[in-house]
Amino acid sequence: MEATERALFEGGVRRATEATDAGALDSALDDIGWRDALAADRPTAVSVLFESQGAMTTTSAALDWLLASALVGASDASAGGTSGGGAVVLPPLRRCDAPGRLDGDWCVVEGLGTAALDRCDTALVAAQTPDGAVTFAVELGLLTRRPVLGIDPALGLFEVMGEFETGWAAQPKSADWPAAAALGQLALSHELVGAGRTMLELARTHALERMQFGRSIGSFQAVRHRLAESLIALEAAAALLDAAWEDPSPRSAAMAKAFAGRSARTVARHSQQVLAGIGFTTEHPLHRSVRRALVLDQLLGAGTVLTRTLGADVLSSGTLPAAFPL
Amino acid sequence: MELDEFKAAVDVWLDAQAEELACTFEGIGTLDQQMAQLRKVMQLTYDAGFMRMGWPERVGGLGGSNLLRAYLGEVLTARDLVEPGFYSMPEVLAPTMIDYAPDALAAEMVPRLLRGEEIWCQGFSEPGTGSNLASLSCRATRDGDAWRLNGQKVWTSLAQYAQRCVLLARTGTTESAHKGITALFIDMDSAGITVRPIETMNGAQEFSEVFFDDVVVPLDRVLGEVNHGWSIAMDLLPHERSTALWHRAAYLQRRLEQLVATAPAGSLDPVAVGEATELLWSLRARSRATQRRLAAGETLGAETSIDKVLVATAEQAIFDLVADGLGTDVVLGDDPVSQRWRAEFLYSRAATIYGGSAEIQRNIIARRLLDLGADR
C-alpha cells in the first residue's frame with residue numbers, strides 16, 4: 001500500500017475498531033473492504049487492524065478469517081459462513097498445534113473458538129496427520145461449545161469439544177497448519193503491541209496529571225524509567241514483528257509472539273504501578289487491557305512455552321535460528 | 001553498488017584473503033595485538049576498496065549507502081577478524097568530520113582513519129563530567145591566532161594509540177553550560193598532552209586519562225562554530241548508537257552461537273537461552289530498521305537511545321548465560337579461550353555504563369520520546 005492509501009485505510013480501521021461490539025466491528029470491516037486489503041497487502045492489513053483492535057480492546061472475526069483463508073484459500077473460506085467469514089477452531093490455551101486429532105474415521109476436537117463462532121453455522125477444524133494437516137468444514141451442531149468467561153469475559157471465547165465422523169464433514173482439504181498458525185501468531189503479536197501502547201498511554205497521561213509533593217509524578221525518575229522501560233519493550237517487539245513479516249516462518253512468528261507477549265506483560269506491570277490505586281479499579285480502563293494482554297499472550301502458543309521451545313531447540317541443535325539479513 | 005552485489009563481492013574477497021586477514025594470536029590477545037590486527041584488516045579492506053564504500057567521495061570514499069558499511073563491519077565481526085568496538089570508531093568520528101570539519105581538513109584526515117593508518121579518540125568525559133556532559137570544564141582560551149587548551153579528559157578509549165582526538169572544550173563561561181562548548185580536532189602529538197592508561201577489570205588498558213597543559217590548537221581545527229559544540233555532540237551520539245550497534249549485534253550473535261555450541265549439556269536453562277535469543281533478534285531487527293532509516297536519508301536522534309538500551313541489555317543477558325554455561329572456564333580457566341570468555345564477560349558489565357549510561361538513555365527516552373517534560 002502506498003502512503004496516502006495506507007493513511008486512509010488506517011483511518012477507516014481505527015474508526016471501525018471504535019465499535020465495541022464484535023459483530024458491529026465485522027460489518028464495519030466489511031464496509032471498508034478489510035478482506036480485500038488482506039488479499040492485496042497482508043502485512044499492512046493485519047498489522048493495522050490487529051494493533052488497532054488491541055489498542056481499543058475490541059475483537060472481531062478477523063483472526064478466524066486470516067486463519068481460514070490461509071488454510072483453505074479465500075474463496076472456500078468465504079463459502080463457510082456469515083458476514084465475518086467462517087469460524088476456525090483454535091488450539092487449547094497455551095498450545096499452537098492443530099486442535100483436531102484423527103482417530104480412525106473420527107476426528108477428536110479440543111480447542112477454543114472466538115466470538116465469531118456464535119455467528120457461524122460451520123467451523124474449520126484442522127487436524128494433524130502423519131502426512132501433514134487436513135482441514136474439515138464441520139457443522140457446529142456436531143461439536144459442543146461452552147462460553148468461557150475467565151479473566152477477560154469481553155473477549156467472548158468459547159471452549160470447543162467433541163468428535164465427528166470425518167465422513168460427515170465436507171471433503172477435507174490438505175492444509176499447512178504451521179503456516180496458518182504463524183500468521184495467527186503475527187496477528188496476535190500486533191494485538192499485544194496495540195494493547196501495550198494503550199496501557200503505556202494511560203500510564204503516561206496519569207503520570208503527567210497526577211500531582212504529589214507539588215509536582216507531577218512524571219517528573220520523578222523512578223516513574224519515568226518505568227515508562228521508558230515500557231516504550232523500549234514495545235518498540236523492540238514492534239521491530240521484531242516487522243522483521244518477522246519479511247519471513248513469516250513458524251520460528252520467526254513464534255519468536256515475535258513470545259517477545260510481544262513478554263513486552264505487553266512488562267508494560268502491564270509498569271503501567272499498573274504508575275497508575276497505582278486508580279489503575280486497580282474497574283472505574284479506570286487499564287484493567288481491560290491488562291486482562292486482554294494476559295489472554296492474548298496465551299492464545300496460539302503461550303509466550304513462555306514458545307520461548308522454552310526455542311531455547312530447547314537452540315540447545316539441542318547447537319545453532320541459533322536463521323538471522324534475517326541486512 | 002547495490003547491497004546484494006556488495007555482499008557477494010565482500011564475501012568472495014574475504015574467503016580468498018582469509019589467510020592474510022586472519023588473527024595471528026590466540027584468544028583475546030594483548031591490546032597491542034588487537035590494534036595491529038585492526039590496522040591490518042582496515043588497510044587491506046581499504047586497499048581492496050570495500051572500506052571506502054558507503055563514504056562520500058570528498059573524504060576518499062567511493063559513495064553508496066551506509067548499508068554497505070553496516071554489512072562490512074557485520075561480516076568482519078562475524079568472522080572474528082576485528083573487535084567491533086574499536087573497528088566501529090570511524091562510524092562515530094568520521095560522520096562528525098564530514099559534517100563539521102573544514103572541507104580540506106576532512107579530505108586530508110578521514111582517509112587516514114578509514115585505512116587504519118591512524119587511530120582517533122573521542123575526548124568527551126571528564127573526572128567531574130560523566131552523565132552531565134554539558135558541565136565539562138576542560139577549557140580552551142583564545143590566544144592570538146590559536147587556542148590554548150587546559151584540563152583533563154578521562155575514559156578516553158585508545159588515547160595511547162591515537163594520532164587525533166575529537167574533543168569538547170569549554171570556551172564560554174562555566175555557567176554557559178551547553179551554550180559555551182566548542183568541538184576541536186587535536187593532534188595527539190602536540191606539546192603538553194600526557195596520556196595515562198587505566199587498567200580496567202577485564203585486564204586491558206583500553207581507557208586513559210588525558211591531561212592537557214597549555215596545548216596549542218590552531219584556529220582552523222575548530223569543528224563547526226565556536227560555542228556550538230553541543231549540537232555536534234548531539235549529532236555524534238546517535239552515530240554511536242546506529243551502525244556501531246549493528247556491528248556489535250553481529251559480535252553478540254557470534255558469541256551466543258559459540259556458547260550454545262560448546263556449553264556442557266544441561267548447563268543452560270532453555271528459557272534463559274530462548275529469552276536471550278529473542279532479545280538479540282529484537283536488537284537486530286531494531287538496529288536494521290535504524291540502518292534503513294539512515295539509508296533513506298533520515299536524521300537519527302533520541303530514538304537511537306532505544307537501540308543502545310537493547311544492545312546493553314542483550315549483551316549482559318548473553319554474558320550472564322556465559323557465566324552459567326561456561327562457569328568453570330570463566331572462573332578458573334587460564335587457557336586463551338577461557339581468558340577471552342572471562343575478559344568479555346567482565347567487559348559486558350560495562351555495557352550499561354559506557355556511551356551514555358542506562359539511566360541517561362532512559363532519561364532521554366522519557367524526555368524526548370515520551371514527552372514527559374523536565375525531570376525536576
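### Observations regarding the overall build of chain A
Here is step 1: Regarding its fold elements, chain A presents eleven helices and ten strands.
Here is step 2: Taking 20 Å as the expected radius of gyration for a compact globule of 326 residues, we find that chain A reaches 20 Å, a close match to that expectation.
Here is step 3: Structurally, chain A occupies a C-alpha span of about 75 × 50 × 40 Å along its principal axes.
Here is step 4: Across the 326 residues in chain A, those meeting the buried criterion constitute 53%.

### Some remarks on the interface of chain A and chain B
Here is step 1: Contact residues are listed per partner, giving 36 residues for chain A and 40 residues for chain B.
Here is step 2: Listed by contribution, the elements that provide at least two residues to the side of chain A that touches chain B are α7 (177-209), α8 (221-246), α9 (250-279) and α11 (303-317) of chain A.
Here is step 3: Among the elements that take part in the side of chain A that touches chain B, α8 of chain A stands out by supplying 14 residues, more than any other.
Here is step 4: Each residue belonging to the side of chain A that touches chain B can be placed in one class, and the counts come to 22 nonpolar, nine polar and five charged.

### A short note on the packing of α9 of chain A against helix α10 (residues 270-295) of chain B
Here is step 1: At a closest axis distance of 10 Å, the pairing of α9 of chain A and α10 of chain B adopts a crossing angle of 95 degrees. Regarding the angle of α9 of chain A to α10 of chain B, the classification is roughly perpendicular. Contact with α9 of chain A, carried on its side by Met255, Ala258 and Phe259 of chain A, involves Glu278, Trp281 and Ser282 of chain B of α10 of chain B and no other residues of that element.

### Quick look at α7 of chain A
Here is step 1: For α7 of chain A, with 33 residues, the first-to-last C-alpha span of 48 Å sits near the 48 Å given by 1.5 Å per residue.
Here is step 2: Burial analysis of α7 of chain A places 27 of its 33 residues in the buried class, which makes it a mostly covered element.

### Section: the nonpolar core
Here is step 1: If you look at the biggest cluster of nonpolar residues, it comprises 219 residues, and the most contacted ones within it are Leu227 and Leu240 of chain A together with Leu184 of chain B.
Here is step 2: With 16 residues, α7 of chain A is the single largest residue contributor to this core.
Here is step 3: Beyond its immediate chain neighbours, meaning those up to four positions away, Leu184 of chain B contacts Ala140, Trp147, Leu167, Ala169, Val217, Arg221, Val222 and Leu223 of chain B.

### Some details on the domain arrangement of chain A
How large an interface is tends to be reported as the accessible area lost when its parts come together.
Residues and elements named next belong to chain A.
Here is step 1: Domains assigned within chain A are domain 1 (3-175) and domain 2 (177-317).
Here is step 2: For domain 1 versus domain 2, the separation of C-alpha centres amounts to 23 Å.
Here is step 3: Between domain 1 and domain 2, the contact holds 30 residues from the first and 29 residues from the second.
Here is step 4: Of all the elements in the fold, those that place two or more residues in the side of domain 1 that touches domain 2 are α4 (42-56), α5 (62-72) and β4 (122-129).
Here is step 5: Counting residues per element, the side of domain 1 that touches domain 2 draws most heavily on α4, which supplies nine residues.
Here is step 6: Split into classes, the residues belonging to the side of domain 1 that touches domain 2 amount to 20 nonpolar, six polar and four charged.

### What about the pairing of strand β5 (residues 132-139) of chain A?
All names here are of chain A.
Here is step 1: Summarising burial for β5: six of the eight residues are buried, a large majority.
Here is step 2: The pairing of β4 with β5 spans eight bridges and is classified as antiparallel. Among the inter-strand pairings, Val125 is bridged to a residue of β5, identified as Phe136.
Here is step 3: What sits between β4 and β5 in their antiparallel hairpin is a turn of two residues.
Here is step 4: Sheet topology places β5 next to strand β8 (residues 173-175); three bridges connect them, and they run antiparallel. Opposite Ala133, over in β8, you have Ala175 as the bridge partner.

### Considerations on the environment of Asn363 of chain B
Here is step 1: One can find Asn363 of chain B in helix α14 (residues 358-369).
Here is step 2: Judged by C-beta crowding, with 20 C-beta atoms within 10 Å, Asn363 of chain B ranks as buried.

### Let's talk about α11 of chain A
Here is step 1: An ideal rise of 1.5 Å per residue puts 21 Å on 15 residues; α11 of chain A measures up with 21 Å between its terminal C-alpha atoms.
Here is step 2: For α11 of chain A, the complete set of buried residues consists of Gly303, Leu306, Thr307, Leu310, Gly311, Val314 and Leu315 of chain A. Seen along its axis, α11 of chain A keeps its buried residues to an arc of 165 degrees; they face one direction. Every exposed residue of α11 of chain A that faces more than 90 degrees away from the buried side is listed here: Ser316 and Ser317 of chain A.
Here is step 3: Where the residues of α11 of chain A are buried, they touch α9 and α10 (286-298) of chain A together with α9 (243-262) and α10 of chain B.
Here is step 4: Of the residues flanking the end of α11 of chain A, it is Gly318 of chain A, one or two places downstream, whose phi is positive at about 70 degrees.

### Let's talk about the domain arrangement of chain B
All names here are of chain B.
Here is step 1: Each assigned domain of chain B is listed here: domain 1 (3-117), domain 2 (121-228) and domain 3 (241-369).
Here is step 2: Relative to domain 3, the C-alpha centre of domain 2 lies at a distance of 29 Å.
Here is step 3: Taken together, the contacts link four residues of domain 2 with five residues of domain 3.

### Re unusual backbone geometry
Here is step 1: Not every positive phi belongs to a glycine, and Arg94 of chain A is a case in point at roughly 80 degrees.
Here is step 2: Following the sequence through the fold, Arg94 of chain A ends up in the loop between β1 (87-88) and β2 (100-103).
Here is step 3: For Arg94 of chain A, a count of 15 C-beta atoms within 10 Å puts it in the partly exposed group.
Here is step 4: Positive phi is not limited to glycine here, since Asn227 of chain B has a value of about 70 degrees.
Here is step 5: Relative to the elements of secondary structure, Asn227 of chain B occurs in the loop between β8 (222-223) and α8 (229-240).

Reading guide: rules and limits
Residues numbered from 1 in each chain as written. Chains lettered and ligands numbered in written order. Predicted model: local features only at pLDDT ≥ 70, side-chain atom pairs only at ≥ 80, totals over all residues. Helix = DSSP H or I, 4+ residues; strand = E, 2+ residues; numbered from the N terminus. Rg over C-alpha atoms; globule rule 2.2 N^0.38 Å. Buried ≥ 20, exposed ≤ 12 C-beta atoms within 10 Å, placed from the backbone. Contact = placed C-beta atoms within 7 Å. Nonpolar A, V, L, I, M, F, W, Y, C, P; charged D, E, K, R; others polar. Axes fitted to C-alpha atoms, helices over the stretch in contact; angles between N-to-C directions. Parallel < 35°, antiparallel > 145°, perpendicular 65-115°, else oblique. Expected span 1.5 Å × (residues − 1). Core = buried A, V, L, I, M, F, W, Y, C linked by C-beta atoms within 7 Å. Domains from an automatic or database assignment. Pairing = 2+ DSSP bridges. Arc of directions from axis to C-beta.

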